[in-house]
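Per-entry structural report
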Number of protein chains: 2
Amino acid sequence: MTLKDIAKEAGVSTATVSNVINGNHHKVSKETIDKIQKIISENDYTPSATARSLIKKESKIIGVVVPNLSEHDPFSSSPYNTQILSWLENYIRNQGYYMMIRTVGRCQDILQAFLTWNIDGLILLGAFKEEAEEIRERVKIPTVYLDTYAEGIANVGIDDYMGGYLAAKYLLNKGHRDIAFAGPVTTEGVIATRFKGFCDALNEKGLEFNNNRYVEAMTFFEDGVKAGKKLAFLKDKCTACVCMSDILAFGIMEGLRLSGLRVPEDISVVGFDNLPECKYSNPQLTTVSQNIKKKACLAGDLLFEMINSKKPVICNHQVTVEIEERFSVKQL
Amino acid sequence: MTLKDIAKEAGVSTATVSNVINGNHHKVSKETIDKIQKIISENDYTPSATARSLIKKESKIIGVVVPNLSEHDPFSSSPYNTQILSWLENYIRNQGYYMMIRTVGRCQDILQAFLTWNIDGLILLGAFKEEAEEIRERVKIPTVYLDTYAEGIANVGIDDYMGGYLAAKYLLNKGHRDIAFAGPVTTEGVIATRFKGFCDALNEKGLEFNNNRYVEAMTFFEDGVKAGKKLAFLKDKCTACVCMSDILAFGIMEGLRLSGLRVPEDISVVGFDNLPECKYSNPQLTTVSQNIKKKACLAGDLLFEMINSKKPVICNHQVTVEIEERFSVKQL
DNA sequence: CCCATTTGGTTAACACGTTAACCAAATGAA
DNA sequence: TTCATTTGGTTAACGTGTTAACCAAATGGG
């Protein structure tokens, strides 16, 4: 069933039917509108998005790129990504758009895939600086980044510096002085910024961070278990540890447990993200909370502002973070 | 940059360019092929999926429908859905297709949304019987269901009966006799089938399930907490509980803890799904494990078989389940 | 009554690939 | 040499909506 069929059945031209469908009612008489609408609903007709997209050069599709962190368990390896995705889908659907998802391969592939579809907007989750720069140069459609540190893009992130700062400050206030830091080692970007905040909080107290307390670990559970064991047997004993993700914290707690240490009695743990999972763990995890819904909504706002105004936006929203206090930290 | 532009630059017709792009090389001389490919790569040209889709009447898009369980936290409210989604994306991408995601509104909306896009296939996660039946009647494109009990569809599920049976059997073998069952109350479908298996295992041992041990709860954490408290103060004391999802089990463990009971010392808990989160909890959760990757792959196989053979398939795959033993059950 | 405007349309070009039908030149077989 | 086939293309219709340009009839103002 096509526009043409409807037009024939109603005895009018396709232009008229098109006008009715698109609400250009000023061009059509009341009776004609009613007649056409009746035929449309009787036949359960829906216009072809493909044809419409072809001529209007807009697709109502938003492409979303999820970093494929793990070979073995693509995007769900990070529940954080899922949370974001979920809210984005919600936002995009409410705008009357469709969401197309890709986990990354090479940058080139993504562009190819999405640009063939004439997508109206692009959202990149956790892209690296270099990817962002490549995309910035080559893509002309509205693009919003989440958690990417790069110049000249529209980014929505969190106040990473404050996240690191607050985590350390919280532990200091609880009487801790010997604090470890667990996470990937980087020189710039999200983690490095958090680390800077963390160190500055220590410095304010006249403490110096000792680099052998930097427990290197990817943000996966298994890495955390290893890191937890390492932490348990650290020569330079610590009474607390700040972890760069909740999942990592869960792993570290497990590793500590396996090494015979209790959380928080023997050692305190602070996570990062505040995933729903924090409530499932035992002890429930005290963590640096980022408002994921807010991030998704901000990203949506930004993207559709760019789409609707047809003007690029360059900005860097930093959503505030706060400590979500649960039961994994002991008052010394 | 369009096909026409490429053709003009190469001094050939669009048909020839099209043939080169689509690998119909038998119609084109080697030199022409090289010349055209050079121009294509120099100009970074990608054919418009929209135009191609319009004339070929196939889109290379697979629509995936995720049940919107919670108003507040759409599909991530169930990490299970995410897991499935993640593997499906993987499968779909490897087939050279694109994945479009929608969380459900009304059945009508979904169909509308997807059919306008001329999608080549549809995957429904956890649809109800009635929805499945409506879609079965109204949609002619290849459709695969996950975890849906309905006639005349291509379904991929698990052996729910055996899941319930094994959970009970496992606890019985550990010496438990007073076992509760926690989950939504239903008369047919996934949960009802598991419950039947559960009861049959008890009956085999000469035990009768007492209905006041059916702790009604949705499969959310907060519901679980309430259910755990109820369970703790059940007059008809139980030593173990089988829960209809891992998330529910986490909630129940928390509810029990808040009521002063220890898991597994005072009461044992068995979950269902075997999400990665089971390793994060303390005690780590013993659960009925379903192979999510396998389900996703089977669903993919089925869908693409239907797409490629252009023949509908009616079947009901039941992936086997097994107990994943961890530390939430005590030997009596 | 006459010209201007509004009402309610129609026509046809267009967006961009795909593919069936067609064709000329070159090659080959008898 | 002549007819048949292969090689390497071209042409044009097609799929499905959208929209600018156009038009006839009706209405209105002076």
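Our structure's up above, just so we're on the same page.
Keep in mind the model is a prediction, meaning the values are calculated, not measured. (Residues numbered from 1 in each chain as written. Chains lettered and ligands numbered in written order. Predicted model: local features only at pLDDT ≥ 70, side-chain atom pairs only at ≥ 80, totals over all residues. Heavy atoms only, no water.)

**Re the protein's contact with DNA strand D**
- In the neighbourhood of DNA strand D, 24 residues make up the surrounding shell, with A:L3, A:R52, A:I55, B:S29 and B:T32 lying closest.
- Interatomic distance of 2.8 Å between a side-chain N/O atom of A:S18 and a phosphate oxygen of DNA strand D.
- In this structure, a phosphate oxygen belonging to DNA strand D sits 3.0 Å away from a main-chain N or O atom of A:S48.
- Of all the secondary structure elements, the ones that give two or more residues to the surface near DNA strand D are α2 (14–21) and α4 (49–56) of chain A together with α2 (14–21) and α4 (49–56) of chain B.
- In terms of residues, the surface near DNA strand D owes the most to one element, α4(A), which gives four residues.
- For the surface near DNA strand D, a count of residues per class yields eleven nonpolar, nine polar and four charged. (Near = heavy atom within 4 Å. Polar contact = N/O pair within 3.5 Å; in protein donor to acceptor, adjacent residues only side chain to side chain. Helix = DSSP H or I, 4+ residues; strand = E, 2+ residues; numbered from the N terminus. Nonpolar A, V, L, I, M, F, W, Y, C, P; charged D, E, K, R; others polar.)

**Comments concerning the relation of the copies chain B and chain A**
- The transformation that overlays chain B on chain A combines an axial shift of 0.0 Å with a rotation of 180°, and the residual RMSD is 0.1 Å. Such values leave the two copies arranged in the relation of a two-fold axis.
- In this assembly the copies share their binding face: 100% of the residues contributing to the interface of chain B also contribute to that of chain A. (Least-squares fit on C-alpha atoms with pLDDT ≥ 70 in both. Contact = heavy atoms within 4.5 Å.)

**Some thoughts on the protein's contact with DNA strand C**
- Around DNA strand C, a shell composed of 23 residues is seen, among which A:S29, A:T32, B:L3, B:R52 and B:I55 lie nearest.
- Considering DNA strand C, the proportion of its atoms within 4 Å of the protein that are sugar or phosphate atoms stands at 68%.
- For DNA strand C, a phosphate oxygen lies 2.6 Å from a polar atom in the side chain of A:S13.
- The separation between a phosphate oxygen of DNA strand C and a polar side-chain atom of A:T16 is 2.7 Å.
- Secondary-structure elements contributing two or more residues to the surface near DNA strand C are α2 and α4 of chain A together with α2 and α4 of chain B.

**Side note on the environment of A:M99**
- Structurally, A:M99 can be placed in strand β2 (residues 98–103).
- Under the relative-accessibility criterion, A:M99 is labelled buried at 2%.
- As a C-alpha pair, A:M99 and A:L85 span 14 residues in sequence and 9.7 Å in three-dimensional space.
- If we skip the residues at most four places from it in the chain, A:M99 touches A:I62, A:V64, A:L85, A:L88, A:E89, A:I92, B:M99, B:M100 and B:I101. (Buried < 20%, exposed > 50% of the residue type's maximum accessible area, 1.4 Å probe, protein only.)

**Quick notes on the sheet that holds strand β11 (residues 315–319) of chain A**
- Within the open sheet, the twelve strands sit side by side as β11(A)-β5(A)-β4(A)-β3(A)-β1(A)-β2(A)-β2(B)-β1(B)-β3(B)-β4(B)-β5(B)-β11(B). Their pairing is mixed. Whereas interior strands pair on both sides, the edge strands pair on one side only; in this sheet they are β11 of chain A together with β11 (315–319) of chain B. Averaged over all pairs of adjacent strands, the angle between strand axes in this sheet comes to 20°, irrespective of strand direction.
- Pairing between β2(A) and strand β2 (residues 98–103) of chain B: three bridges, direction antiparallel. The partner of A:M100 across the bridge, within β2(B), is B:M100. (Pairing = 2+ DSSP bridges. Axes fitted to C-alpha atoms, helices over the stretch in contact; angles between N-to-C directions.)

**A closer look at the nonpolar core**
- Ranked by size, the top nonpolar core spans 111 residues in total, and within it A:V64, A:I252 and B:I252 carry the most contacts.
- Residues contacting A:I252, with those up to four places away along its chain left out, are A:A182, A:G224, A:V225, A:A227, A:G228, A:L231, A:C241, A:C243 and A:V269.
- Counting residues in hydrophobic clusters, the runner-up holds 42 residues, among them A:V65, A:I110, B:A49 and B:L111. (Core = buried A, V, L, I, M, F, W, Y, C linked by side-chain atoms within 4.5 Å.)

**Re the interface of chain B and chain A**
- Every contact between the two is made by 51 residues of chain B and, on the other side, 52 residues of chain A.
- Buried area between chain B and chain A, both sides added, is near 4900 Å², and the carbon and sulfur share of it is 56%.
- Connecting chain B to chain A are four salt bridges.
- With its nearest N and O atoms 3.3 Å apart, the salt bridge here joins B:D44 to A:R138.
- Put simply, chain B and chain A have 17 residue pairs in polar contact (both at pLDDT 80 or more) between them.
- Secondary-structure elements contributing two or more residues to the side of chain B that touches chain A are α4, α5 (79–94), β2, α6 (107–116), α10 (221–232) and α11 (246–258) of chain B.
- No other element matches α5(B), which puts eight residues into the side of chain B that touches chain A.
- In the side of chain B that touches chain A, the residues fall into 20 nonpolar, 20 polar and eleven charged. (Buried area = accessible area lost by both parts, 1.4 Å probe. Salt bridge = Lys/Arg side-chain N within 4 Å of Asp/Glu carboxyl O.)

**With respect to the packing of aromatic side chains**
- Under the definition given, this model contains 27 aromatic pairs over all chains.
- Taking 5.0 Å as the distance between ring centres and 35° as the angle between the ring planes, the aromatic pair formed by A:F221 and B:Y280 counts as tilted. Taken together, the residues span two chains, with A:F221 in helix α10 (residues 221–232) and B:Y280 in the loop between β9 (268–273) and β10 (286–290).
- Classification of B:Y280 as buried rests on a relative accessible area of 10%.
- Grouped by ring-pair contacts, the aromatic residues A:F181, A:F195, A:F198, A:F209 and A:Y214 constitute a single cluster.
- Across from the ring centre of A:F272, 3.6 Å away, lies the NZ or CZ of A:R194, which sits over that ring. (Phe/Tyr/Trp six-rings, centres within 6.5 Å; stacked < 30°, edge-to-face > 60°. Lys NZ or Arg CZ within 6 Å of the ring centre and 35° of its normal.)

**Quick notes on the pattern of salt bridges**
- Tallied over the entire structure, the rule returns 34 salt bridges over all chains.
- One salt bridge in this structure joins B:K169 and B:E204, with 3.5 Å as the shortest N-O distance. Of this pair, B:K169 sits in helix α8 (residues 160–173) while B:E204 is found in helix α9 (residues 190–204), placing the two residues 35 residues apart along the sequence.
- Judged by relative accessible area, B:K169 falls into the partly exposed class, the value being 28%.
- Relative accessible area serves as the criterion here: at 53%, B:E204 is assigned to the exposed category.
- A single network of salt bridges, built from pairs that share partners, joins A:D44, B:E134 and B:R138.

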